[in-house]
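Summary of structural features
Okay, here's what each chain looks like letter by letter:
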Amino acid sequence: MAKQKQLQVSAIENGTVIDHIPAASLFDVITILGLDKISNQTTFGANLDSQKFGKKAIIKVADKFFERDEINKISLVAPHAKLNIIKDYEVIEKRDVTIPDEIIGIARCFNPKCITNSEAIVTRFKVEDKVELALKCHYCEKITSRDELQML
Amino acid sequence: MKNKSLISISDYSKDDILRILELAAGFEANPNQPLMRDKVVASLFFEPSTRTRLSFETAMNRLGARVIGFSDASSSSTTKGESLKDTIKMVSNYADLIVMRHPLEGSARYASEQSRVPVINAGDGANQHPTQTLLDLYSIQKTQGTLENLSIVMVGDLKYGRTVHSLLMALSHFNPTFFFVAPKEMSMPREYKRFLQEKGIPFYEQFEMGNIDKADILYMTRVQKERFSDPIEYERVKNTYVLKNAMLNNTKDNLRVLHPLPRVNEINYDVDANPKAYYFQQAENGVYTRMGIIAAIMGLK
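Keep in mind that what you see is a predicted model, and the values were worked out from it rather than measured.

Residue and element names in this part refer to chain B. An ideal rise of 1.5 Å per residue puts 18 Å on 13 residues; helix α2 (residues 50–62) measures up with 18 Å between its terminal C-alpha atoms. Every buried residue belonging to α2 is among T52, R53, S55, F56, E57, A59, M60 and R62, and all of these are buried. Of the residues trailing α2, G64 is marked for its positive phi of about 85°.

What follows covers the sheet that holds strand β4 (residues 119–124) of chain B. Residues and elements named next belong to chain B. Read from one edge to the other, the open sheet built from four strands follows the order β2-β1-β3-β4, with strand pairing classed as parallel. Lying at the two open borders of the sheet, with one neighbouring strand each, are β2 (66–70) and β4. The average undirected angle you get between the axes of adjacent strands in this sheet is 15°. Of the strand pairs in this sheet, strand β1 (residues 40–45) and β2 are connected by five bridges, and their pairing is parallel. Counted as the bridge partner of A42 is I68 from β2. Packing of α2 onto the sheet brings it into contact with β1, β2, β3 (97–102) and β4, and relative to β1 it is tilted by some 180°.

Residue and element names in this part refer to chain B. Ranked by size, the top nonpolar core spans 116 residues in total, and within it I98, V153, L218 and Y219 carry the most contacts. Among the elements that make up this core, the one with the highest residue count is helix α9 (residues 279–297) (eight residues). With residues near it in sequence (within four places) discarded, V153 still touches F179, V181, I212, A215, I217, L218 and Y219.

Residues with a pLDDT of 70 or more make up 100% of chain B, whose mean pLDDT is 94. Two numbers describe this predicted complex: its pTM, 0.89, and its ipTM, 0.88.

Let us now look at the interface of chain B and chain A. In this assembly, 12 residues from chain B lie in contact with 14 residues from chain A. At the level of elements, α3 (84–91) and α4 (107–114) of chain B are the ones that each hand at least two residues to the side of chain B that touches chain A. Counting residues per element, the side of chain B that touches chain A draws most heavily on α4(B), at three residues. Residues belonging to the side of chain B that touches chain A are distributed by class as follows: three nonpolar, six polar and three charged.

To continue, consider unusual backbone geometry. The amide bond that connects L261(B) to the next residue, P262(B), takes the cis arrangement and shows omega of 0°. Along the chain, P262(B) turns up in the loop between β9 (256–258) and α9. Phi at E141(A) takes a positive value of approximately 65°, unusual for a residue other than glycine. By the element assignment, E141(A) lies in the loop between β9 (134–137) and β10 (143–145). A positive phi angle is found at N175(B), which is not glycine, with a value near 60°. Following the sequence through the fold, N175(B) ends up in the loop between α6 (162–171) and β6 (177–181). Given 14 C-beta atoms within a 10 Å radius, N175(B) is considered partly exposed.

Rules of the game
Residues numbered from 1 in each chain as written. Chains lettered and ligands numbered in written order. Predicted model: local features only at pLDDT ≥ 70, side-chain atom pairs only at ≥ 80, totals over all residues. Helix = DSSP H or I, 4+ residues; strand = E, 2+ residues; numbered from the N terminus. Expected span 1.5 Å × (residues − 1). Buried ≥ 20, exposed ≤ 12 C-beta atoms within 10 Å, placed from the backbone. Pairing = 2+ DSSP bridges. Axes fitted to C-alpha atoms, helices over the stretch in contact; angles between N-to-C directions. Contact = placed C-beta atoms within 7 Å. Core = buried A, V, L, I, M, F, W, Y, C linked by C-beta atoms within 7 Å. pLDDT = per-residue confidence, 0-100. Nonpolar A, V, L, I, M, F, W, Y, C, P; charged D, E, K, R; others polar.

Pasting the structure below:
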């Protein structure tokens, strides 16, 4: 019952719920998953109270199910995000996101002298450290850390 | 190595490195071998660099190749706003091999992805300069008779020094001991020390030149004033990292002084006459080493 009182975003029949997104990362997650461009019914909740993490955001996308590789991209900005896969209003599966070994096309290289910041090049990073985020640029070989991370 | 670009020293294994040094020695013994007489090589220097460019172009010429290119971005269509991608795609349709220096980091890696022919990185910003490392290794092997188990002292700007980082990585295959001499502001970055720790390679850090009587190689680099946030600190340390002839008095007979050049004041001119000064021969070795690299990549040896 307590859970129902706190539920500030309405339930969906079929689809995916992405919960425990840091409030500041909501729009990055939307961009990474291309949710600003799809036609599915989508609900966003921002700055909701979270028991564990302070302020959180939540996204519910009706009739959309994400591939593992696709959803793992959000791990850069929402490492503790939790997925609930919904069918007939029931949670049939819960999933965590994991940081992949390679990040392609979504993050910016922090090095202003990297060629990727001067020409139209799809960025590519190897994840050298998943705890203290360390992204090594495939081109300039410099490491972009969590503090320097900017999404494209 | 055949048909593969050389962008970063880590592209080459220990065996690849040794093979290049073997080829370099062959070219030093016999410098004029027109193996490339039917080939065209592009020398694309988007940023001026007299020494590297002339060294490469000499190597190309001694191999008999015809050379096309430019020595400054202002004399290329970069001034018209042409992207690097387009320039490389065009040139790779003309030439059999591209040698490139560019001010932006990652440019060489990108060029190798856009090019139909191999690309040799002659320096991409502050990132890699693998042919310098290979000629440094050739110089060390020539003067020491081996690359194994050496004591290497690196002096000067170890923080921004592209050549010291690269040399450190390459020598790690050969069981070295390192001594780092640098002001605190310019000390060897953490990621390289961590790299050495993970490989169990010993290194020692000191702020002054001190005792170099056990060193086999003394690798000098320039401490640049513009890198210091505090100009007074620069004034205080600038002479600590200058090599004078008297400092070589108690060193081993086989010690050699290397410097990637250009040298400013970090090696006193009184060192030049000392037989242990090797920096000019080191530059000459660049031609033979680059001939070896080109020959390996073109599959000619």
